[in-house]
2 protein chains.
Amino acid sequence: MAAAADRDTKRPARMSVWLDGKAASRGRRAGGDQPSGLDRERITSATVRLLDAEGLAKFSMRRLAAELDVTAMSLYWYVDSKDDLLELASDAVAGELVLPDPDADPDADWRDQLRDLTQGYRALLVRHPWLSPLVGHFLNIGPNWVALSLCVQRLIRRTGLPPERQAGGIAAVFQFVYGFGTIEGHFRKRCAEAGLTQDEYFAHAMGAVGGRAELAPVMDAAREMVEARSGETVDDMRDHDFTSAVDLLIAGIEARTVR
Amino acid sequence: MAAAADRDTKRPARMSVWLDGKAASRGRRAGGDQPSGLDRERITSATVRLLDAEGLAKFSMRRLAAELDVTAMSLYWYVDSKDDLLELASDAVAGELVLPDPDADPDADWRDQLRDLTQGYRALLVRHPWLSPLVGHFLNIGPNWVALSLCVQRLIRRTGLPPERQAGGIAAVFQFVYGFGTIEGHFRKRCAEAGLTQDEYFAHAMGAVGGRAELAPVMDAAREMVEARSGETVDDMRDHDFTSAVDLLIAGIEARTVR
DNA sequence: ACCGATTCCCTTACACCGTACAAGGAGCTT
DNA sequence: AAGCTCCTTGTACGGTGTAAGGGAATCGGT
């Protein structure tokens, strides 16, 4: 299968674990521990570990259960569905982001904070390539995602962008990072699976493409753009592109700012 | 299930239908028609129709086969795998985009062309919500995707952006549109599935969120941003955000341009 | 007109998925 | 000791993608 783009059966139509999910207090019985040592947090963290290790495609309730020495159905005592579990995992890793507090230090430059935050978000998406399909699919209203979007909101307010442009600014910046991180993470995952470095994989792809005459213009264009950039490795080029894109966004914000 | 983010079994590790796929010439036998009227083009167009109608989640080889009055395995004569088929479908709809020819009319303003192209791309992603997971997952080197990226490349070259910034500019613009269109398309799909208009759904979600005290700041922030914008419907707000984001990107490009 | 090769489609079967359902066992309260 | 609640498990259903092989129709060459 290709893309983790969908999960919907015909059930009631939930919006989010955070709204309709069963109480998180499952587990924690009065007297002592659970027979199996299971626990919502242990489950989500095992989920994250598995997703990191083997990807969204290979993740299954049965596989996770095996990892926890338990049957698949036991998990359903703590979680309503696989989707809910994934939503929990998504919020869990969102908590890895270190958020600046834009209002704490009035002298801090929003430019620096924006650069840090976008780099952090990008790194997050790359570190957990399974994340971006989920971000695209859920409402992202878990505590950590909420914290992030509040932070982003405060940050953008400090740019001086007029209020009616702020939402557009947020979209421009963070949808960009989302798209960029998605592609980058996916590419890196592909390389890892093929057992190649990024540069090897890139060379391999170029070779394969080179075999097709009709793709020649693409090759030319690609070569051209590669030469225009300073770096030599794929990583260098990507870093260059990312920072120059963010730089461009910052320039755009400044240009649309009331002074 | 949630996201169509993945399909990888343990097979040889293909890169793309366009590189290793079986010859497209399957079908078209010399003397007359196929016994079942099957044909690679008929299959892909049926795939697109089904994906549009029921989404990536519900799409399956068996379902498609039923639509074509054929068994599932028959399809595998024309296509190596479900993934290959999806890649074909992806390129098929990419062909719906009308591309400007930036070099044809030297007087045309690149700003207008960029606005048109981004709107077209956005509309494409919204019209086919199943597309974006696929775009994230494949190499997108089918003829139509290639045509698009060549066009984008020529377009960006006309902005006056210095060469080493062009890749970043492309990324900033098109990853943004990708992210934006992904979210928008997904949201609209959700609404349609729930049988609600976007505004009803939005109101419903706000109501549900309002039930949780810890989410109050989000509500406030959301209200605030809603009020800052002119439009009243969700659609209006989104259009406003999109155009203002593109406007911001254009401003950024201009600011980083050599004159 | 015959024959082997090619092309096309179908049947069967496998391993896997998410999860509904109901029965069971352990521990606490009474 | 009985009963209750919490937790775990076994079994089963209806789906998935697709490997393997069978059989029919049609082709090219004779």
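Conventions we followed
- Residues numbered from 1 in each chain as written.
- Chains lettered and ligands numbered in written order.
- Predicted model: local features only at pLDDT ≥ 70, side-chain atom pairs only at ≥ 80, totals over all residues.
- Heavy atoms only, no water.
- Contact = heavy atoms within 4.5 Å.
- Buried area = accessible area lost by both parts, 1.4 Å probe.
- Salt bridge = Lys/Arg side-chain N within 4 Å of Asp/Glu carboxyl O.
- Helix = DSSP H or I, 4+ residues; strand = E, 2+ residues; numbered from the N terminus.
- Core = buried A, V, L, I, M, F, W, Y, C linked by side-chain atoms within 4.5 Å.
- Buried < 20%, exposed > 50% of the residue type's maximum accessible area, 1.4 Å probe, protein only.
- UniProt positions renumbered as here; feature names shortened; annotations may be inferred.
- Phe/Tyr/Trp six-rings, centres within 6.5 Å; stacked < 30°, edge-to-face > 60°.
- Lys NZ or Arg CZ within 6 Å of the ring centre and 35° of its normal.
- Domains from an automatic or database assignment.
- Polar contact = N/O pair within 3.5 Å; in protein donor to acceptor, adjacent residues only side chain to side chain.
- Nonpolar A, V, L, I, M, F, W, Y, C, P; charged D, E, K, R; others polar.
- Axes fitted to C-alpha atoms, helices over the stretch in contact; angles between N-to-C directions.
- Parallel < 35°, antiparallel > 145°, perpendicular 65-115°, else oblique.

As annotated in an unreviewed UniProt entry, chain A carries the name TetR family transcriptional regulator and comes from Streptomyces roseolilacinus.

K.L.:
Lay out the interface of chain B and chain A with the relevant residues and their values.
P.N.:
With 75 residues of chain B in contact, the opposing surface of chain A contributes 74 residues. Buried area between chain B and chain A, both sides added, is near 6,500 Å², and the carbon and sulfur share of it is 64%. Where chain B packs against chain A, one counts six salt bridges. In this structure, D247 of chain B engages R165 of chain A in a salt bridge whose closest nitrogen and oxygen atoms are separated by 3.0 Å.

K.L.:
Lay out the environment of C151 of chain A in plain terms, naming residues and giving numbers.
P.N.:
Residue and element names in this part refer to chain A. Looking at the secondary structure, you find C151 in helix α8 (residues 143–157). Measuring from C-alpha to C-alpha, the distance between C151 and P217 comes to 44 Å, with 66 residues separating the pair along the chain. With sequence-adjacent residues up to four places away left out, C151 is seen in contact with L99, P100, P102 and L117.

K.L.:
How would you sum up the nonpolar core? Please name residues and give values.
P.N.:
Most often, soluble globular proteins keep nonpolar side chains buried together rather than apart. Core analysis: the biggest nonpolar cluster contains 120 residues, and F176 of chain A together with F176 of chain B have the highest contact counts within it. Those residues in contact with F176 of chain B, other than ones at most four positions away along the chain, are A171, A172, Q175 and F176 of chain A together with A171, F242, A245, V246 and L249 of chain B. Formed by 14 residues, the second largest nonpolar core is a distinct cluster that contains C191, A205, A221 and V234 of chain A.

K.L.:
Describe in detail the UniProt feature "DNA-binding region" (unreviewed entry) in chain A, supporting the description with residues and values.
P.N.:
In this numbering, the UniProt entry assigns the feature "DNA-binding region" (unreviewed entry) to residues 60–79 of chain A. Measuring from the first to the last C-alpha atom of residues 60–79 of chain A gives 14 Å, for a span that is 55% helix and 0% strand.

K.L.:
How would you explain the packing of aromatic side chains if you had to name every residue and give the values?
P.N.:
Residues and elements named next belong to chain A. Counted by the stated rule, this structure contains 12 aromatic pairs over all chains. When the ring of F176 is compared with that of F242, the centres are 5.6 Å apart and the planes differ by 25°; the resulting orientation is stacked. Of the two residues, F176 is situated in helix α9 (residues 163–194) and F242 in helix α12 (residues 234–255); the sequence distance between them amounts to 66 residues. Residue class for F176 comes out buried when judged on its relative accessible area of 0%. Look at F242 and you get buried, because its relative accessible area is 1%. An aromatic cluster is defined as three or more aromatic residues linked by ring pairs; in this entry it consists of Y121, W145 and F174. Positioned above the aromatic ring of F242, the side-chain terminus of R122 is 4.7 Å from the ring centre.

K.L.:
Would you mind going over the domain arrangement of chain A in detail, with residue names and values included?
P.N.:
Residue and element names in this part refer to chain A. Parsing chain A into structural domains produces domain 1 (36–79) and domain 2 (110–195 + 229–255). Once you take the C-alpha centre of each, domain 1 and domain 2 turn out to be 29 Å apart. On the side of domain 2, five residues touch domain 1, which itself brings four residues to the contact. Counting each side, the surface lost to burial between domain 1 and domain 2 is near 440 Å², with a carbon and sulfur contribution of 74%. Summed over the shared surface of domain 1 and domain 2, the result is zero salt bridges. Applying the counting criterion to the domain 1 and domain 2 interface returns two residue pairs in polar contact (both at pLDDT 80 or more). Taken together, the residues of the side of domain 1 that touches domain 2 sort by class into three nonpolar, no polar and one charged.

K.L.:
Which residues make up the environment of A251 of chain A, and what values do they have?
P.N.:
Note on placement: A251 of chain A falls in helix α12. Taking the C-alpha atoms as reference, A251 of chain A lies 9.9 Å from R111 of chain A; in sequence the two are 140 residues apart. Those residues within four positions of A251 of chain A in sequence are excluded, and the remaining contacts are G252, A255 and R256 of chain B.

K.L.:
Account for the pattern of salt bridges, with residues named and values stated.
P.N.:
Residues and elements named next belong to chain B. Evaluated as defined, the whole model comprises 42 salt bridges over all chains. Of the charged contacts, one joins D241 and R229 as a salt bridge, the two residues approaching to 2.3 Å between their closest N and O atoms. With D241 in helix α12 (residues 234–255) and R229 in the loop between α11 (216–228) and α12, the pair connects residues that are 12 residues apart, well separated along the chain. With relative accessibility at 10%, the residue D241 sits in the buried group. Given a relative accessible area of 11%, R229 falls into the buried group.

K.L.:
Tell me about the UniProt feature "domain: HTH tetR-type" (unreviewed entry) in chain A, and please be specific about residues and values.
P.N.:
Per the UniProt record, "domain: HTH tetR-type" (unreviewed entry) is found at residues 37–97 of chain A. Segment residues 37–97 of chain A splits into 70% helix and 0% strand. End C-alpha atoms: 29 Å apart.

K.L.:
Go over the packing of helix α2 (residues 40–58) of chain B against helix α5 (residues 82–94) of chain B with me, naming the residues and quoting the values.
P.N.:
Two measures define how a pair of helices packs: the angle their axes make with one another and the distance between the axes. All names here are of chain B. At their nearest, the axes of α2 and α5 sit 9 Å apart, and the two run at 85° to each other. Judged by the angle between their axes, α2 and α5 are roughly perpendicular. Only L85, L86, L88, A89, A92 and V93 of α5 make contact with α2, whose side of the interface consists of R40, I43, T44, T47, V48, L51 and L56. A per-class count over the contact of α2 with α5 returns 10 nonpolar, two polar and one charged.

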